[in-house]
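# Summary of the model geometry
Spelled out, the chains give:
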Amino acid sequence: MTHPSTLAQGRSYLAIPGPSVIPDAVLQAMHRAAPNIYGGELVEVTHSVVADLKRVARTRHKVAMYLANGHGAWEAALANVLSPGDLVLVPATGRFGMGWADMAQGLGAETQIIDFGKSSPFDLDRVAEALRADTGHRIKAVLATHVDTSSSVRNDIPGLRRVLDDCAHPALLMVDCIASLACDRFEMDDWGVDVTVAACQKGLMVPPGMSFVFFNPRAEAVRNAMPRVSRYWDWGPRGAPAEYYQHFGGTAGTHHVYGLRAALDLIHGEGIEAVWTRHETLARAIWAACEAWGQEGDFHLNIADPALRSHAVTAARLSGPDGTRLRNWLSDNIGLTLGIGLGMAPAGDPAGDAFFRLGHMGHVNGQMIMALLGGIEAGMAANDIAHGSGALSAAARVIAGKA
Ligand SMILES: *Cc1c(COP(=O)(O)O)cnc(C)c1O
C-alpha cells in the first residue's frame, strides 16, 4: 500500500515494455456479455480482424491466430517448420533471441547461436559467414528478433534478407516482431520475411492472451513437406479455416477479438505510417532527455547508436542499486511503473539493480512521454541520483517539433 501522503493517487502509468497501456476504447469493446460463437457478429468481426492484422504486418499472405502469449507463437511458428534434428541459425542480440532458440531446442531442433552480446545488433558479415559455411544447406531457418526487448536494439531485417539472398541460402527467414509490430516500421512482404511472429499486448494494445504467426507460401511449402505437425499448433487450418472454430483450434478468443477490433480501428484510423512516426518522435524525445541526464553522473542508454535503437522500448542503466531505487520510488510515490532490466546480469546478482527499461509502445502520446520523463527527473532528485540538467527542455523541443 502506498502512504496517503504520496502523490500516487490518480491514473497510474505502466511504462513497461508490455503489457502496454490499454486504450479505453479497447477496454470498452471487451466489456460485454459473451457473444455467440457459432454465427452472427463475432464471425464477421473475426474476419475483419484477420484482414486488418495483415495490413499491420504489411503482408497479403496468411495469419494463424493462437490463444497464447508470445511464447506460444514462438512455439507455434517453430512447430510448423522444424522436426527433431533440424538445424536453425540464431543471431541473438539479447534475452529474447536466446529464448526463441531455447524454444527450438525444446522441440528437438539443433541451434547454431551467434551471440552478439547485450548491446549490439547483428553483424551481418558474421551471419553471412555462417550461411556460407553451411554448404550442405542444413540450416532450415534463421530465427531473428527484430527488436530485442531486453537490450532495446533494433536489427536490420532487410539486411538479413540480402545476406540470405547473396549467399543463395534457402533457409526460411523467421522474425520475432512481438515488440516491434505497430511501433517500428516493418514490411513483411517487401522485406522478404517468410514467417512473422507477434502478440497482442505490446504495439497492438490489447491485454495479453492472443498471438499471431504470419506465413508466406515459401513457409507453407516447408510446412507441407513436414512429416508431422502437432494438431494444435498447425497453422494450416487456422490460416485457411473451413469452419469458424478452426480460426482458434476451438472456442474463439471472444473478448480478445472485440478488443483487437477496437485496437485495429485506432491503428488504421491513425494510419500505420503515422503510428510509426509517432513512435519515432516520442522515442527521440526520450533519447534527448536521457542524453542530457547522462552529461553528469551514471545515466547510460544501452544502445549507443540512435539508428540501432527501438522506437518502442529503451533499456538504460544507472549505477549500483540506483535503477531499482528509482523504479521503486516512482511506483510507490507517483504512480509510474518502469520495466525491470532483463538479462543484463545473472539472476539474483545485485549488479542487476542498476538496469531498467522504459516501455513506450502502443497507446502513448506526447504528454504521457513528458510525464514519464518528468517523473524520472523527480525520482532522481528524490533519491539524490546525480544527473545532467536540461533533460525536460531537450525532450520538449523534440515534442514541439523544434529538434
Ligand atoms: C514480450 C516478448 C516476447 C515474449 O512474449 P510473451 O507474451 O511474454 O510470451 C518475445 N519476444 C519479444 C521480442 C518480446 O518483446
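Every chain is numbered on its own, with residues counted from 1 as its sequence reads. Per-residue local features of the predicted model are confined to residues with pLDDT of at least 70, and side-chain atom pairs are confined, for both listing and counting, to 80 or more; whole-chain, interface and lining totals are unaffected and use all residues. Each side-chain value is derived from all of the structure's non-hydrogen atoms; neither hydrogens nor water enter the calculation.

Under the annotation held in an unreviewed UniProt entry, the protein chain carries the name Alanine--glyoxylate aminotransferase family protein and is attributed to Arenibacterium halophilum. UniProt positions are given in the numbering used here, feature names are shortened, and annotations may be inferred rather than shown by experiment. The UniProt entry for the protein chain carries this comment under Cofactor (unreviewed entry): "pyridoxal 5'-phosphate".

## Considering the sheet that holds strand β2 (residues 62–66)
For two strands to count as paired, DSSP must find a minimum of two bridges between them. Numbering of helices and strands runs from the N terminus, with a helix taken as a DSSP run of H or I at least four residues long and a strand as a DSSP run of E at least two residues long. Strand order in this open sheet of seven strands is β2-β10-β9-β8-β5-β3-β4, and the pairing throughout is mixed. Two strands in the sheet have a free side with no partner beyond their single neighbour: β2 and β4 (110–115). The sheet shows a mean angle of 20 degrees between the axes of neighbouring strands, direction not considered. Examined bridge by bridge, strand β3 (residues 87–92) and β4 share six bridges and lie parallel to one another. Its bridge partner being in β4, Leu 89 is matched across the sheet by Gln 112. Two residues form a contact once any of their heavy atoms are found within 4.5 Å. Orientation is described by axes fitted as lines to C-alpha atoms, over the contacting stretch for helices, and by angles from 0 to 180 degrees between their N-to-C directions. Helix-sheet contacts for helix α2 (residues 41–57) involve β2 and β10 (211–215), and the interaxial angle to β2 is about 115 degrees. Sitting on the sheet, helix α6 (residues 157–166) is in contact with β5 (139–145) and β8 (172–176), with an inclination near 165 degrees to β8.

## A few points about the site of the ligand
Distances are taken per atom, and a residue is near a molecule or strand as soon as one of its heavy atoms is within 4 Å of it. Lining the immediate surroundings of the ligand are 13 residues, of which His 71, Thr 149, Asp 176, Gln 201 and Lys 202 lie closest. In protein, a polar contact requires one atom able to donate a hydrogen and another able to accept it; more generally it is a pair of N or O atoms within 3.5 Å, and residues adjacent in sequence count only if both atoms are side-chain atoms. In the model, an oxygen atom of the ligand is placed 2.7 Å from a nitrogen or oxygen of the Gln 201 side chain. Bound to the protein, the ligand loses 89% of the 380 Å² it would expose on its own. If one sorts the elements of the shell around the ligand by residue count, helix α3 (residues 70–79) sits on top with three residues. Class assignment of the residues belonging to the shell around the ligand gives a composition of five nonpolar, six polar and two charged. Using a 1.4 Å probe, accessible areas were evaluated by the Shrake-Rupley method; residue-level cover was limited to the displayed protein chains. All residues other than Ala, Val, Leu, Ile, Met, Phe, Trp, Tyr, Cys, Pro, Asp, Glu, Lys and Arg, Gly among them, are scored as polar; the first ten of these are nonpolar and the last four charged.

## Remarks on the domain arrangement of the protein chain
In many analyses, interface size is given as the accessible surface area lost on bringing the parts together. Residue ranges assigned to the domains are those given by an automatic or database domain assignment. You can read the domains of the protein chain as domain 1 (4–21 + 271–399) and domain 2 (33–268). Domain 1 puts 29 residues into the contact, and the matching count from domain 2 is 30 residues. Once two parts are put together, the accessible area they lose, assessed with a 1.4 Å probe and summed over both, is termed the buried area. The junction of domain 1 with domain 2 conceals about 2,500 Å² of combined surface from both sides, 58% of it contributed by carbon and sulfur atoms. Whenever a carboxyl oxygen of Asp or Glu lies within 4 Å of a side-chain nitrogen of Lys or Arg, that contact is scored as a salt bridge. At the boundary of domain 1 and domain 2, one finds two salt bridges. Residue Glu 273 is joined to Arg 58 by a salt bridge in which the shortest nitrogen-to-oxygen separation is 2.9 Å. At the boundary of domain 1 and domain 2, one finds 16 residue pairs in polar contact (both at pLDDT 80 or more).

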